[in-house]
Amino acid sequence: MIVLDKITKTYFNADEEVPVLKGISFTINDGEYVAIMGPSGSGKSTLMHILGALDTPTNGSYLLDNQDVSKLSEKELAHIRKDKIGFVFQSFNLLPRSTVIRNVALPLIYSRVAKEERTERARQALFSTGLSEDRFSHLSNQLSGGQMQRVAIARALVTNPSLILADEPTGNLDTATGELVLDTFKQLNDKGHTIVLITHERDVAEHANRIIYIKDGSVLRDEAKKSS
Amino acid sequence: MKVADLLEETYIALSANKARSALTILGIVIGIASVIAMTAIGQGAQSTIQSSITSAGSNLLYVTPGQQRGVGVQVSAGRGSAQTLTQEDADAIQQEVSLAKNVSPELTRRYQVTAKGTNTNTSVIGTTFAYPDVHNMQVDQGSFITDADVKSQSRVAVIGPTTRDDLFGTDANPIGSTIKINKVEFRIIGMTVAKGGSGFSNPDDAIYVPISTAQRYLAGDKYVSNISVQANDAESMATIQQQITELLLQRHKISDPLQADFTVMNQADILAMASSVTGTLTILLASIAGISLLVGGVGIMNMMLTNVTERTREIGLRKAIGAEESDISMQFLIESVMLTFLGGAIGIILGWILAFGVQYLGFTTTKVTWDMVLLAFGVSALIGIIFGYYPARRASKLNPIQALRFE
């Protein structure tokens, strides 16, 4: 469960204070599929960084599974990211010249999981994204965009995190492939994974069950879709 | 992160850029190879000099005129060639120092020597029958100078093989021929076995004559240039050294040992002196090679910095999926240490081959010692740590958000 309470983030450039988030509060329950939507410059990237424990808020509290993440040290944040967060990026960020399996298993290295178990868990994660098995030993740069993003999703899944954070996951894909990736998220959500999708595209956000609109650093609207 | 995983990551990262990794370690390879080769040459020179000193005879003491000078205020120029030792001193040592096995007074000068139509400039050593025993010398053909030759001041000479080659040609039998030393005629009665020395005091390039003859016909006085004394065993060396010093002080009527006009040195002193000279030579050679090692280290740092920049996004990703700063810095540090370690290993092998080649081609003897090899390994790993530290730290301190956005 994610509880954000009056989160603010202010950047200090030279003498100038730039407030980016101006008191954001919302709660995301386990198993939800939420889209955070807003135009560029709305602060949604900053919000994602805070949600993903890559950054800490200037003020306010962020409870992730009842643990206050807002005031942790860099090292503690790394532990949170390792155990509780799975990232999916717009540009995939796969290791080039490495096999699909190795890419997916990479986060487990930092959890000191033994090699055989890493491979097994990477395979399971890949199966749940629907990538065909004959691709598992391919090098990541031999894959198509859609395949790469599914590898990236598998990598986010492999540690069995509390939250999967996807930052514009379809931004580098054509519409058809994007739909495929969004379907993957949908299926994962059906299996109980909590997914937060950050996007500026209405069409993409529509796939989630709940949309939080951000504008100028504040929550503009928070609407749950009627379950279809 | 487990060690095995760390090593696997390192292997994958380094083999992803094989050409660059190879070129970078080349600097370390050259550095380590030259350190190994240079010190091998230095150590080889040291053992050559030591063996030539010990091959001059065992348990030897040298009595030379003049004073042994350390760092002092007095200028002692010319004292080394001073004429303070006489034939009588040598005789007195022979008679009174009972522990001395052999006493060989020597009068060494360089003269122009002529044979039929040929001539050379070589050392003429006036000595006695004791010389071959003291200096480990054997006579190949004919015989050495006898006691009778010394007593009768015979004009006979024993020739070294190199001098024989110069005067009579290789393989010629010189026995019975006559030569002129400083225009005085000598008959050759023997030739020594080649000892294979080299440099300024080559025992093969010399002519041996009775000391009395040398004093009378060549030098024209009764002085000797040095006295070699052979002890029965190594234990009695110190006693003999003491006895000779006391005897000569008494004979020369000198009460203060610091004012002695002669020096008694034993082989150990000479060895120590030679070792300190060759030791300095080795350090000099090694430090020149060390500079190239340093340059290699800078190359490693350069490559690692490029590496960190190129892999900024990868670092960002690794941090995003939970890598701690220590995980990242270890990964890059191990990469640079692995590079230098590999460079060190190849360098040691190359240096060894170089040292062997130098010896094989006959330039000089070389000696690769295990402690040099271990030192080279240690130094190369250390260079990896020192020059890899800054890039690794830089990588670990990257902000993951900015690193992920890096283009």
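Keep in mind the model is a prediction, meaning the values are calculated, not measured.

## Details of the overall build of chain A
Scanning chain A for helices and strands turns up seven helices and ten strands. Against the 2.2 N^0.38 benchmark of 17 Å for 228 residues, chain A shows a C-alpha radius of gyration of 17 Å, consistent with a compact globule. Along the first, second and third principal axes, the C-alpha set of chain A runs to 50 × 40 × 35 Å. Within chain A, counting contacts between residues at least 6 apart in sequence, those at least 24 apart form 67% of the total. About 9900 Å² of surface is accessible on chain A, with carbon and sulfur atoms providing 47% of the total.

## As for the overall build of chain B
For chain B, the helix and strand inventory stands at 13 helices and ten strands. The C-alpha atoms of chain B give 32 Å as radius of gyration, which overshoots the globular expectation for 407 residues (22 Å, by more than 25%). On the principal axes, the C-alpha backbone points of chain B span a range of 100 × 55 × 35 Å. Within chain B, contacts between residues separated by at least 24 positions form 78% of all contacts whose residues are at least 6 apart in sequence. Here chain B contributes 29 positive and 33 negative side-chain charges, whose respective centroids are spaced 6 Å apart.

## Focus: the interface of chain A and chain B
Across the boundary between the two partners, chain A contributes 27 residues, which contact 24 residues of chain B. Our enumeration of links across chain A and chain B arrives at four salt bridges. Between Glu8(B) and Lys115(A) there is a salt bridge, with its nearest N and O atoms 2.9 Å apart. Taken together, the connections running from chain A to chain B amount to eight residue pairs in polar contact (both at pLDDT 80 or more). Counting residues per element, the ones that place at least two in the side of chain A that touches chain B are helix 1 (44–51), helix 2 (74–84), helix 3 (100–110) and helix 4 (115–129) of chain A. The greatest single-element share of the side of chain A that touches chain B, amounting to six residues, is contributed by helix 2 of chain A. Residue classes in the side of chain A that touches chain B are distributed as eleven nonpolar, five polar and eleven charged.

## Let's talk about the packing of aromatic side chains
All names here are of chain A. Applying the stated criterion to the full structure yields eight aromatic pairs over all chains. Ring centres of Phe-87 and Phe-89 lie 5.5 Å apart, and the angle between their planes is 10°; on these two criteria the pair is classed as stacked. Residue class for Phe-87 comes out buried when judged on its relative accessible area of 3%. Classification of Phe-89 by relative accessible area gives buried; the value is 7%.

## With respect to the confidence of the model for chain B
Taken over all residues, the pLDDT of chain B has a mean of 86, while the share at 70 or more is 95%. Every residue in residues 68–80 of chain B is under pLDDT 50, and counting partners more than four places away or in other chains gives ten contacts.

## What about the pattern of salt bridges?
Evaluated as defined, the whole model comprises 24 salt bridges over all chains. The residue Arg210(A) makes a salt bridge to Glu32(A) at a minimum N-O spacing of 3.1 Å. Here Glu32(A) lies in the loop between strand 2 (16–28) and strand 3 (33–37) and Arg210(A) lies in strand 9 (residues 210–215), a separation of 178 residues in the sequence. Both residues of the pair, Arg210(A) and Glu32(A), count as buried. Among the ionic contacts, a cluster of salt bridges with common partners joins Arg102(A), Glu9(B), Arg311(B), Glu314(B), Arg318(B) and Glu335(B).

## Concerning helix 1 of chain A
All names here are of chain A. A large share of helix 1 lies buried, amounting to seven of its eight residues. Looking at helix 1, one finds that the buried residues are Lys-44, Thr-46, Leu-47, Met-48, His-49, Ile-50 and Leu-51. Of the residues trailing helix 1, Ala-53 is marked for its positive phi of about 60°.

## Brief notes about the domain arrangement of chain B
In terms of domains, chain B is made up of domain 1 (3–51 + 273–405) and domain 2 (83–260). For domain 1 of chain B versus domain 2 of chain B, the distance between C-alpha centres works out to 54 Å.

## Quick look at the sheet that holds strand 1 (residues 2–13) of chain A
Two strands in a sheet stick together by hydrogen bonds in their backbones, pointing the same way (parallel) or opposite ways (antiparallel). Residue and element names in this part refer to chain A. Spatially, the four strands line up as an open sheet ordered 2-1-4-5, and their pairing is antiparallel. Of all the strands in the sheet, just strand 2 and strand 5 (67–68) have a single pairing partner and so form its edges. Pairing of strand 1 with strand 2 involves ten bridges; the strand directions are antiparallel. Its bridge partner being in strand 2, Thr-8 is matched across the sheet by Lys-22.

## Examining the side chain of His193(A)
Considering the arrangement of structural elements, one finds His193(A) in the loop between helix 6 (175–190) and strand 8 (195–199). Excluding its chain neighbours within four sequence positions, the residues that come into contact with His193(A) are Gly31(A), Glu32(A), Leu157(A), Asn160(A), Ile164(A) and Leu188(A).

Each value, and the rule that gives it
- Residues numbered from 1 in each chain as written.
- Chains lettered and ligands numbered in written order.
- Predicted model: local features only at pLDDT ≥ 70, side-chain atom pairs only at ≥ 80, totals over all residues.
- Heavy atoms only, no water.
- Helix = DSSP H or I, 4+ residues; strand = E, 2+ residues; numbered from the N terminus.
- Rg over C-alpha atoms; globule rule 2.2 N^0.38 Å.
- Contact = heavy atoms within 4.5 Å.
- Areas by Shrake-Rupley, 256 points an atom, 1.4 Å probe, with all protein chains shown as cover.
- Lys, Arg positive; Asp, Glu negative; His and termini not counted.
- Charge placed at Lys NZ, Arg CZ, Asp CG, Glu CD.
- Salt bridge = Lys/Arg side-chain N within 4 Å of Asp/Glu carboxyl O.
- Polar contact = N/O pair within 3.5 Å; in protein donor to acceptor, adjacent residues only side chain to side chain.
- Nonpolar A, V, L, I, M, F, W, Y, C, P; charged D, E, K, R; others polar.
- Phe/Tyr/Trp six-rings, centres within 6.5 Å; stacked < 30°, edge-to-face > 60°.
- Buried < 20%, exposed > 50% of the residue type's maximum accessible area, 1.4 Å probe, protein only.
- pLDDT = per-residue confidence, 0-100.
- Domains from an automatic or database assignment.
- Pairing = 2+ DSSP bridges.

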